[in-house]
Structures are given as structure tokens and as C-alpha cells.
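Summary of structural features
Spelled out from the first residue to the last, the chains are:
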Amino acid sequence: MSNDKVATSVLYSALKPSEAQEGKIKEFIAKKYGEDISLEWIEDKSIADGFRLEVGQEVYDWTNAGRLEQFKEMILNAVGKKYSDNVIPLIRENIKDWAPKGVPTEYGVVTSIGDGIATVSGLKSATYGEILLFSEGIRGMVLDLREDEIGCILFDDTDEISEGSRVRRTGRSAGVPVGNGFLGRVVNPLGIPIDGKGDIEAEDYRAIESPAPGIIERQPVNRPMETGILCIDSMFPIGRGQRELIIGDRQTGKTAIALDTIVNQKGKDVICIYVAIGQKASLISQMVTNLKKHGAMDYTIIVNASASDAAPIQYIAPYSGCSLAEFFMHQGKDVLIVYDDLSKHAIAYRSLSLLLDRSPGREAYPGDVFYLHSRLLERAAHLSDELGGGSITALPIVETQAGDVAAYIPTNIISITDGQIFLESELFFEGQRPAVNVGLSVSRVGGDAQTKAMKKSSGSLRLDLAQYREMEVFTQFSSDLDEATQKQLTYGHGLMYILRQPQYKPYSQHQQVILLTVALNKYFMDVPVKNIQSEIARLLEHFEMSHSDICSKIDSTGLISDDDRAAIMKYALEFKGRN
Ligand code: ATP
Ligand code: MG
């Protein structure tokens, strides 16, 4: 109930109420609001049956239309849970014991509207994140609470609302339908399918904003989330429950890394969610085709807020995606979620904030832009065994301008995540793809999650590459190099070629282990760099054909003994000698 002093109340009806009726209503008001409220009657011929009572801002609608409205809402609430189920039995079931309630509905009035934003006056007790219902069934979400007004973002087309339209509270916070039926589908951030494959049967409804798991509810990151990309799995391993940023200029292969990781989860019992924010619809449809081609769509959900969607839709997209992910995580499953990308998300939030008249700060972003992403990324977690042991691994993507990682949004997100894969245009154009800058990339928690086999075989790779880079710089201007330096350079140069990897060709664990073992033992020293990729393919094929026991042993145990390493080297050299 409202705590404000309510001075007057008004009763609308077609006929003047009898004294007895008036007495009853006065009694009702006195009981709910105190004694000192006067009751005024206003004739309203448009009310065919029943009456409407307004006490301050609260409206009790006992007209026929009002009761119908209440009934509709109850049905909607019930249907919301079962989304596509047949509605008729539900209505039957509910209508049996339905009676209109004396619950007040708080109404407000739209004072201004435009650009997907409405300001509303009157809704004194509305809460942050609550869903408001406008006329014509248009929904909005409260995003700004001011002393005498509310700023609200709108999720539907706004043409039908104008200044003076009525707005109703719903008392519910924004949420999305969730369920196993979403796998393999493309949906918008409101959970509505946009792939033309019909309705989705939802199992539950989850708020889009929910608090991140606490410390007690978590356990350390200790199981690997393999990307299948040699360069990443060997030097910047990612663990289940980790948040690893993919950062780089435009067109440097950021999305490609995320997609390869999704493709690599085939048969690994991981659910993947790809959240696209502000991208071209054509790119998304191409992506779906590619994922299908690689058999990855069966365990993947795409949440798409494309560039043509309004800023409010783009703003809620990552939160919706995360709610879907949480649904699976709480069932004990492992989920991989990609946010592509958070720079565009921040831009959508900036435009909302400016429209809501919030004061702009650095780069015109509002003051709470850090919280915008920290509360999202904190929801990635590895849950404790008591809670089922599920996990959400987050791969946020950020686009930089001219490699500037010190800009506002990149620094924020770098500080929130557990490491970053830094991609560089220069490397990309040289043909070094994936264009990972080995010096600037890091993974802070994934080391514990790496299998022993991977850890052992990737040994000195990072160090060797660092030495190579240093030497490359120093020897740029000298013409005659001694033999040892020359060898070092050839070796490092070869390593860079070994790290090249085409798109959609993830390596399995045993392939990576074998490749690293032979490469770090200088197997490729005498192979011309242009032949390295084909040599790798031939060697790996040979191992799978002739030494499949070693391969399956590595894959199943995640271990490798010194004897096995020696054996791999021996087999490899034998293979080389034969050609
Ligand atoms: P944007 O900034 O537009 O989102 P992006 O950084 O996400 O771009 P991608 O779209 O992933 O970059 O890749 C850009 C182009 O490079 C694509 O055509 C992709 O096919 C190609 N590409 C990416 N990775 C590789 C790779 N490892 N080998 C070969 N080509 C690649
Ligand atoms: Mg991209």
C-alpha cells in the first residue's frame, strides 16, 4: 500500500451508488487507508457495469473491462510458464476458482516518449528492473528512478504509445523463458524465436538480472575448456568457469576464435551460447550455416540482437543469454557463453543513458559502465559440487581502435576478466592466423585446469617464442649472424608457422600433445616453412593410423609419461626417415 497521505478518493460509475453501497466502499477505504479520506462520486456513462475506485494513485477496477483485464493477466502469467502449450485447458483449469481480487493496480501516465525510451509520472512504488505494461500490450523496463518520474526502456515498437498513455505496474522483473527446447535455435533477447522454426516450449522463466554466485557456492577452476586452437590451449589455457577476454581491432579473427571453440565442444557435453550484439543479420545467418555444417548447432543457442534492433534490446541481450546459461549451469552442466561484442553493448548502454539524461563521464559513458560488465561477467562461475558442479565459461569479445587497449571500455573489461587473448592486425595481415600476440596475451587461472599431458608438452614454448621475438628485433639490422643465432631464428620462425591454424580445424588433445612434443624437439627445423602445415597434417595422420594406442591413451587419461614422449619422438623420426 502507498504510504503517502491520500486525501481524496473518487468513485466512477454510471449510476449513483446507493447509500448502503457507498457505506461499504467508505468502510473499505477506511480500513485500508485510514479514516480521513473523503469519497466523491463522478458519473461515468462509459462504465456499463460495475465501478472504478481511485484512491490517490491506486485504482481498483471493478468494471467488466477491468475484471477481464485481471483475468487476462492471470492467464498470461500461467501461460508464460508453459509458453507454447495449448492454452485452452489452462483457461479451463484457472477459470474454475477465479474471482476478481480487490488488489489495487498502480497506474501512471507517459510524459514523454521517443527513441525507445519513455518517461512516466505517477508510479511511485515501481522498482528498478520492473516490467511496465503500456497500452496495446507494449512492455517496458524501469531503468531510471527519479524523485517524480521514471525512465523506462521499451522492448516493442513504440508507435502506439503517445504522451498521456496509461502505464500499469506488473510487479514482475524482466525475464526470459528458458529450457532445453532452446538448443539449436536462434532467438532474440526476449526469448522469442527468430529462425522461423515455430514456438519453443519453455520449462521455466528466469529473471535476466540475477546475483552472481557467492564464494561458498563456487569451487576453483580446475577442468579445461579446450578451444582446439594450439596457440591458446598450449600457452593460454582456459578453464571451465573462467572469463577470458578476446580483444583486438576489427577484422582480426576475434569471432573466429569463439566459433572454433564452439565447434571444438562437439561430443564434450558442453552447451554453447553465442550472444550477438549489434552485428549484421547476414553475418549471423552465415554463422548459423557454418555451425550447422560442422555439427555444432545441436548444442548451441544463438541470442541475436542485431544492429537494427533498438538499443534497449541490445542492452539486455547479454543478460538474457546469461540467464539461459544459468538455467543449464544449475542442472550441473558446463556452458560456454560468448558475448560478441561488449564494445557494442557499452555503446548501446551509452545511448540509453544519454537519452535518460544521465550525466556523461569519460568518453561520454555513464558512471556505472564498469558495473554494467562486472555484474555480467561475475555470473560466470564453477559451482561447488553441492550445487551440482556446473559451470559457465565466458568469452567476452572487445573491439579496440588501432590496438589501443588503454581506452575506457577495454581497460575496464581487462580488469574484470581472468586474462585476455590479444589479437593483432599486423600479424593477421602477415598471414599469422590466429593472430595472437603471444607477449601481451595471458590466462590467469587456466593453468591449473590444463591437463598434465598438455602442460608437460607445451613446456618451453612461451619462453622460446619470447626469445625469438627479442632476437628478431636485435638482429634486424645485422647482416652476418653466427650459426647459433641463425639456428635460433630458424627455430622460432618455424614455431610461429606451427601455430598457424585454419578456421574450423580444431586440434584434439592428442594432436596438440604430439605436435608440441615433436616441435619443441626441433623436428621441423629442416622443413621449409611453406611446407610446415602439410607436414603437420601428414605426421598427425601417420600417428592416428599407426600409433592410435598412444593417441587414445593421451585423450583418455590426459597424461603422458617420459617413455611415451620418447616413443613419439622415435616414431616421428622414423616417419621422417622413410620419406
Ligand atoms: P569483426 O571486427 O568484423 O567482428 P573479427 O575480428 O570478429 O571481425 P572474424 O570475422 O573472426 O574477425 O575474421 C575476419 C576474417 O578472417 C574472416 O573472413 C575469417 O574467415 C578470417 N579468419 C579468421 N581466422 C582465420 C584463420 N585462423 N585462418 C584463416 N582465416 C581466418
Ligand atoms: Mg566479429
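Here is a short report on the structure shown in this document. (Residues numbered from 1 in each chain as written. Chains lettered and ligands numbered in written order. Predicted model: local features only at pLDDT ≥ 70, side-chain atom pairs only at ≥ 80, totals over all residues. Heavy atoms only, no water.)

The biggest cluster of nonpolar side chains holds 72 residues, and the ones touching the most others in it are Ile 262, Tyr 274, Leu 291, Ile 498 and Phe 524. Beyond its immediate stretch of four places on either side in the chain, Leu 291 contacts Leu 259, Ile 262, Val 263, Ala 296, Met 297, Thr 300 and Ile 302. With 58 residues, the next largest nonpolar core counts Leu 143, Ile 200, Val 275 and Ile 277 among its residues. (Core = buried A, V, L, I, M, F, W, Y, C linked by side-chain atoms within 4.5 Å. Buried < 20%, exposed > 50% of the residue type's maximum accessible area, 1.4 Å probe, protein only. Contact = heavy atoms within 4.5 Å.)

Near ligand 1 lie 14 residues; those nearest to it are Gln 251, Lys 254, Thr 255, Ala 256 and Gln 503. Contact between ligand 1 and Lys 254: an oxygen atom at 2.7 Å from a side-chain N or O atom of the residue. A distance of 2.9 Å is found between a nitrogen atom of ligand 1 and a backbone nitrogen or oxygen belonging to Gln 501. In the complex, 71% of the free accessible area of ligand 1, which totals 620 Å², lies under the protein chains. Here the element with the most residues in the shell around ligand 1 is helix α5 (residues 254-263); it accounts for 3 residues. Here the shell around ligand 1 is built from residues that sort into 4 nonpolar, 6 polar and 4 charged. (Near = heavy atom within 4 Å. Polar contact = N/O pair within 3.5 Å; in protein donor to acceptor, adjacent residues only side chain to side chain. Areas by Shrake-Rupley, 256 points an atom, 1.4 Å probe, with all protein chains shown as cover. Helix = DSSP H or I, 4+ residues; strand = E, 2+ residues; numbered from the N terminus. Nonpolar A, V, L, I, M, F, W, Y, C, P; charged D, E, K, R; others polar.)

Glancing now at the environment of Pro 17. Residue placement: Pro 17 occurs in the loop between β1 (8-13) and α1 (19-33). Sequence-wise, Pro 17 and Gly 459 are 442 residues apart; in three dimensions their C-alpha atoms are separated by 89 Å. Apart from the residues within four sequence positions on either side, Pro 17 is in contact with Leu 11, Glu 22 and Trp 41.

Attention now goes to the side chain of Asn 188. By the element assignment, Asn 188 lies in the loop between β12 (186-187) and β13 (204-207). Judged by relative accessible area, Asn 188 falls into the buried class, the value being 17%. With residues near it in sequence (within four places) discarded, Asn 188 still touches Ile 194, Val 303 and Asn 304.

Now for the pairing of strand β11 (residues 175-178). Both faces of β11 are covered, namely the face carrying Gly 175 and Pro 177 and the face carrying Val 176 and Val 178. Direction of pairing for β11 relative to β13: antiparallel, over a ladder of 4 bridges. Looking across to β13, one finds that Val 176 is bridged to Arg 206. (Pairing = 2+ DSSP bridges.)

Before going further, it helps to examine the pairing of strand β3 (residues 52-55). Across the two faces of β3 the burial is the same, with Arg 52 and Glu 54 and Leu 53 and Val 55 all buried. Here β1 pairs with β3 via 4 bridges, running antiparallel. Bridging from a neighbouring strand, Tyr 12 pairs with Arg 52 of β3. Hairpin connection, β3 to strand β4 (residues 58-61): the antiparallel pair is bridged by 2 residues, and Gly 56 has positive phi, about 60 degrees.

Looking now at the packing of aromatic side chains. Taken as a whole and assessed by the stated rule, the structure comprises 8 aromatic pairs. Judged by centre distance (5.1 Å) and plane angle (75 degrees), the ring pair of Phe 327 and Phe 328 falls under edge-to-face. Overall, Phe 327 belongs to the buried group, its relative accessible area being 9%. The exposure class of Phe 328 is buried, given its relative accessible area of 0%. Chaining the aromatic ring pairs together yields one cluster made of Tyr 315, Tyr 319 and Tyr 349. (Phe/Tyr/Trp six-rings, centres within 6.5 Å; stacked < 30°, edge-to-face > 60°.)

Our focus in this paragraph is the environment of Thr 63. Mapped onto the secondary structure, Thr 63 falls in the loop between β4 and α2 (64-82). For the pair Thr 63 and Ser 415, spaced 352 residues apart in the sequence, the C-alpha separation amounts to 56 Å. Excluding anything up to four places from it in sequence, Thr 63 contacts Ile 47, Asp 49, Gly 50, Phe 51 and Arg 52.

A few words on the state of the cysteines. Evaluated as defined, the whole model comprises 0 disulfides. Cys 272 provides the cysteine sulfur closest to Cys 322, a residue in no disulfide bond, and the two sulfurs are 15 Å apart. (Disulfide = S-S within 2.5 Å.)

What follows deals with helix α16 (residues 532-546). In this model, α16 (15 residues) spans 21 Å end to end at C-alpha, consistent with the 21 Å of a helix rising 1.5 Å per residue. Ile 532, Glu 535, Ile 536, Leu 539, Leu 540, His 542 and Phe 543 are the residues of α16 that are buried. Within α16, the buried residues cover an arc of 155 degrees as seen down the axis, which keeps them to one side. Away from the buried face of α16 by more than 90 degrees, exposed residues Glu 541 and Met 545 are located. (Expected span 1.5 Å × (residues − 1). Arc of directions from axis to C-beta.)

Moving on to the packing of helix α9 (residues 369-377) against helix α10 (residues 408-416). Axis separation between α9 and α10 bottoms out at 10 Å; the angle between their running directions is 35 degrees. α10 is crossed by α9, and the crossing has right-handed handedness. Seen from α9, the contacting residues are Val 369, Phe 370, His 373, Ser 374 and Leu 377; seen from α10, they are Tyr 408, Ile 409, Asn 412, Ile 413, Ser 415 and Ile 416. Residues of the contact of α9 with α10, tallied by class, amount to 7 nonpolar, 4 polar and no charged. (Axes fitted to C-alpha atoms, helices over the stretch in contact; angles between N-to-C directions. Left-handed = near helix turned anticlockwise from the far one by under 90°.)

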